[in-house]
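Listed here are the chains, written in short residue letters.
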Amino acid sequence: MPLLGLRLSSAVVAPAAAASHHVDFRPFVALGCSVREDANYEVLKSLMGDDTHCLAYSQQRAAKQIQTLQAVAALDDPQVAYYLMRWSCNASRVNYLARTTPQRHCLEALQQFDAAMQDAFCTSTGFTLHPLAWEQATMPTKQGGLGLRSAASVADAAYIGSRLATRKRCQDIWQGSSYQFLGCRHARLRSCCGAAAM
C-alpha cells in the first residue's frame, strides 16, 4: 500500500457488526490502521453508532459552525455580518448533518446553531428581538423575513428527503432486502410516504 501513496495510519477499521464480528484485525493493525470495535464511527461525515455517540458528534459539528457565527458577529460592519449570515454562515452549514442524521440525534445541535444565529444577528445589529420578530426574521425575504432560515425547523424534511432520494439506489445495492433492513424505522417517513412506497 505505501507504494500507492496511501497512509493507512489515518484509516480506521470499524466492523458494522460491532462486538458480533469475526474479523481478524491483525493485518490491519500491522499496516498502521486503528481499530474501532464499538460500532461508533462516521462514514463520509455521516454518523453511525449509539445515541450517545451520535448526539456528541452532532454537538461537536454544530459547535464548529457556532464559532464561525461568533466570529461574524464580532465584525464591525452589521451589513457585512448580515450578508455573511444570510449567504454563507446560514443553515446550509449544518444541512449535511440534518440530511444524514435522524432528528433525534441532531435536533439539539441544530437548535443550538439556530440560537447562535439569533445571538450573532442581535450582537451585530444591536437589536433585541421578540421571539415573534425572530420567527419572522427566519422567513424568506419574499415573505417579509430576513432569510435567516432555521436549521432545526427543516431537520425532518431534510432527513426524509435524503432517505427518499437514495432509496432506489440502496435497494439496487442490497437487492432482495426490505427497506427496513436499511434502517428505515423513522415513523414519520413511513407515514408520509406510505408502506407501498417503501
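Everything below is about the structure shown above.
Below is a short write-up of the structure. These figures come from a predicted structure and were not determined experimentally.

### Notes on the overall build of the protein chain
When helices and strands are tallied, the protein chain shows 8 helices and 4 strands. Listing the helices and strands of the protein chain from first to last along the sequence gives β-α-β-β-β-α-α-α-α-α-α-α. Counting across all 198 residues of the protein chain, residues that qualify as buried make up 33%. Nonlocal contacts in the protein chain, meaning residues at least 24 apart in sequence, comprise 51% of its contacts between residues at least 6 apart.

### A look at the packing of aromatic side chains
Overall, the coordinates contain 1 aromatic pair when judged by the stated rule. Taking the centre distance of 6.0 Å and the plane angle of 45° together, the rings of Phe121 and Trp134 count as tilted. One end of the pair, Phe121, is in helix H5 (residues 103–125); the other, Trp134, is in helix H6 (residues 131–137), with 13 residues separating them in the sequence. Residues Phe121 and Trp134 agree in their burial class; the two are buried.

### Considering empty space enclosed by the protein
The final tally for this structure, using the stated rule, is 1 cavity of 30 Å³ or more. Taken as a whole, the largest cavity spans an internal volume of roughly 30 Å³. Ala91, Val94, Asn95, Ala98, Leu110, Arg149, Ala151 and Val154 are the residues that line the largest cavity. Looking at the lining of the largest cavity, its residues break down into 6 nonpolar, 1 polar and 1 charged.

### Let's talk about the pattern of salt bridges
Tallied over the entire structure, the rule returns 4 salt bridges. The partner of Asp51 in a salt bridge is Arg104, with the nearest N and O atoms 3.9 Å apart. Placement of Asp51 in helix H2 (residues 51–73) and of Arg104 in helix H5 is noted, with a sequence separation of 53 residues between them. Since its relative accessible area comes to 58%, Arg104 is described here as exposed. Here Lys168 and Asp172 are joined by a salt bridge, their closest N and O atoms 2.8 Å apart. With a gap of 4 residues between them, Lys168 and Asp172 both fall in helix H7 (residues 155–173), about one helical turn apart.

Basis of the calculations
- Residues numbered from 1 in each chain as written.
- Predicted model: local features only at pLDDT ≥ 70, side-chain atom pairs only at ≥ 80, totals over all residues.
- Heavy atoms only, no water.
- Helix = DSSP H or I, 4+ residues; strand = E, 2+ residues; numbered from the N terminus.
- Buried < 20%, exposed > 50% of the residue type's maximum accessible area, 1.4 Å probe, protein only.
- Contact = heavy atoms within 4.5 Å.
- Phe/Tyr/Trp six-rings, centres within 6.5 Å; stacked < 30°, edge-to-face > 60°.
- 1 Å grid on protein atoms, 1.4 Å probe; cavity = no way out; pocket = protein on both sides within 12 Å on 5 of 7 lines; lining within 4 Å.
- Points joined across faces, edges and corners; volume = space filled by probe spheres on them.
- Nonpolar A, V, L, I, M, F, W, Y, C, P; charged D, E, K, R; others polar.
- Salt bridge = Lys/Arg side-chain N within 4 Å of Asp/Glu carboxyl O.

By themselves, these observations are geometric and do not establish any function.
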